[in-house]
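Reading the structure
Listed here are the chains, written in short residue letters.
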Amino acid sequence: QQQVKQSPQSLIVQKGGISIINCAYENTAFDYFPWYQQFPGKGPALLIAIRPDVSEKKEGRFTISFNKSAKQFSLHIMDSQPGDSATYFCAASFTGFQKLVFGTGTRLLVSP
Amino acid sequence: NAGVTQTPKFRVLKTGQSMTLLCAQDMNHEYMYWYRQDPGMGLRLIHYSVGEGTTAKGEVPDGYNVSRLKKQNFLLGLESAAPSQTSVYFCASSYFPNTEAFFGQGTRLTVV
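A few points on the structure. (Residues numbered from 1 in each chain as written. Chains lettered and ligands numbered in written order. Predicted model: local features only at pLDDT ≥ 70, side-chain atom pairs only at ≥ 80, totals over all residues. Heavy atoms only, no water.)

Some details on the overall build of chain A
The secondary structure content of chain A amounts to zero helices and 11 strands. When the elements of chain A are put in sequence order from the N terminus, they spell out β-β-β-β-β-β-β-β-β-β-β. The C-alpha atoms of chain A give 13 Å as radius of gyration, which agrees with the globular expectation for 112 residues (13 Å, within 12%). Its C-alpha atoms put chain A at 45 × 30 × 20 Å along the principal axes. Buried residues in chain A amount to 47% of all 112 residues. Partitioning the intrachain contacts of chain A with sequence separation of at least 6 by distance along the chain shows that 54% fall at a separation of at least 24. For chain A, the exposed area adds up to about 5500 Å²; of that, 50% sits on carbon and sulfur atoms. Side-chain charges in chain A split into 11 positive and 7 negative, and the spacing between the mean points of these groups amounts to 6 Å. (Helix = DSSP H or I, 4+ residues; strand = E, 2+ residues; numbered from the N terminus. Rg over C-alpha atoms; globule rule 2.2 N^0.38 Å. Buried < 20%, exposed > 50% of the residue type's maximum accessible area, 1.4 Å probe, protein only. Contact = heavy atoms within 4.5 Å. Areas by Shrake-Rupley, 256 points an atom, 1.4 Å probe, with all protein chains shown as cover. Lys, Arg positive; Asp, Glu negative; His and termini not counted. Charge placed at Lys NZ, Arg CZ, Asp CG, Glu CD.)

Dropping the structure here:
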């Protein structure tokens, strides 16, 4: 119930392509869905987050798409660049819940 | 503004030894978390705290203890280290679970 399932585990995209990472959840109480980006040797850092009152949020080349009825949300990276190569984690929480639940991560490699 | 600081950054322990990992945050956050990161398993919550003097178990608490005597510090202890505790440990803090979480740089622990 409190899990967030993330796919794929790894992804290789050519420079300029679109990277898509998907997450699914079961608990309909979740109302906060962030994505974190982690570079090797560093801690994760917040990339972008969405709340379910909107179906899409865009920040530069990064977009979250949210499908409440399907209980899914995804991260789209447009015009992917080698500097985007990192591990990406989706997560979920809700007001009154004391934790942030993470997906298992996606290792993205953008080839030059 | 230092954010979240973890010490030490690296440590090698022999089986059965004990150690304490220190996490310090300067953002006046109520919530603090300890995660471990292992390949293919994402970020798994060990213990967390919702305020000074409080602690609670996460999903993988066995073999670890924590204390939060001061609001800005969250300590993770290993009383008798085991090779299965070889991992990268991350501390994080946030105002609430459904707001941005800030991570430290991580501690790479090897138990031999």
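Some points on unusual backbone geometry
In this structure, the amide linkage connecting Ser7(A) to the following residue, Pro8(A), adopts the cis form with an omega of -5°. Mapped onto the secondary structure, Pro8(A) falls in the loop between strand 1 (4-7) and strand 2 (10-14). Cis rather than trans, the peptide bond between Thr7(B) and Pro8(B) has omega equal to -5°. Considering the arrangement of structural elements, one finds Pro8(B) in the loop between strand 1 (4-7) and strand 2 (10-13). A positive phi angle is found at Asp79(A), which is not glycine, with a value near 45°. Along the chain, Asp79(A) falls in the loop between strand 8 (72-77) and strand 9 (86-92). Despite not being glycine, Asn28(B) has its phi angle at roughly 60°, a positive value. Assignment of secondary structure puts Asn28(B) in the loop between strand 3 (19-25) and strand 4 (31-38).

Points about the sheet that holds strand 8 (residues 73-78) of chain B
Residues and elements named next belong to chain B. Pairing in this open sheet of four strands is antiparallel, and the strands run 1-3-8-7 from one edge to the other. The two strands at the open ends of the sheet, each matched to only one other strand, are strand 1 and strand 7 (64-67). Direction aside, the axes of adjacent strands within the sheet are offset by 20° on average. (Pairing = 2+ DSSP bridges. Axes fitted to C-alpha atoms, helices over the stretch in contact; angles between N-to-C directions.)

Some details on the nonpolar core
Nonpolar side chains tend to gather and get buried jointly when the protein is soluble and globular. Ranked by size, the top nonpolar core spans 27 residues in total, and within it Phe33(A), Trp35(A), Phe73(A), Leu75(A) and Tyr88(A) carry the most contacts. Residue assignment for this core shows that the elements contributing at least two residues are strand 2, strand 3 (19-25), strand 4 (33-38), strand 5 (45-50), strand 7 (62-67), strand 8, strand 9 and strand 11 (106-111) of chain A. Residue contributions to this core peak at four residues, all from strand 9 of chain A. Leave out the neighbours within four places in its chain, and Tyr88(A) touches Gln6(A), Ile21(A), Tyr36(A), Gln37(A), Leu47(A), Phe62(A), Leu75(A), Ile77(A), Gly105(A), Thr106(A) and Leu108(A). Counting 19 residues, the second largest nonpolar core, distinct from the first, contains Trp34(B), Ile46(B), Tyr64(B) and Ala81(B). (Core = buried A, V, L, I, M, F, W, Y, C linked by side-chain atoms within 4.5 Å.)

What about the side chain of His29(B)?
Residue and element names in this part refer to chain B. Looking at where histidine 29 falls in the secondary structure, it is placed in the loop between strand 3 and strand 4. Side-chain polar atoms of histidine 29 contact the side chain of serine 93, separated by 2.7 Å. In contact with histidine 29, other than residues within four places in its own chain, are Arg68, Lys71, Ser93, Ser94, Tyr95 and Phe102. (Polar contact = N/O pair within 3.5 Å; in protein donor to acceptor, adjacent residues only side chain to side chain.)

Observations regarding a nonpolar patch on the surface
All names here are of chain A. Together, Ile18, Ile20 and Met78 line one region of the surface with nonpolar side chains, adding up to about 240 Å² of accessible area. Secondary-structure assignment places isoleucine 18 in the loop between strand 2 and strand 3. Take isoleucine 18: its relative accessible area is 45%, and that puts it in the partly exposed class. (Patch = residues over 30% accessible without salt bridge, like charges linked within 9 Å, V, L, I, M, F, W, Y side chains within 5 Å. Salt bridge = Lys/Arg side-chain N within 4 Å of Asp/Glu carboxyl O.)

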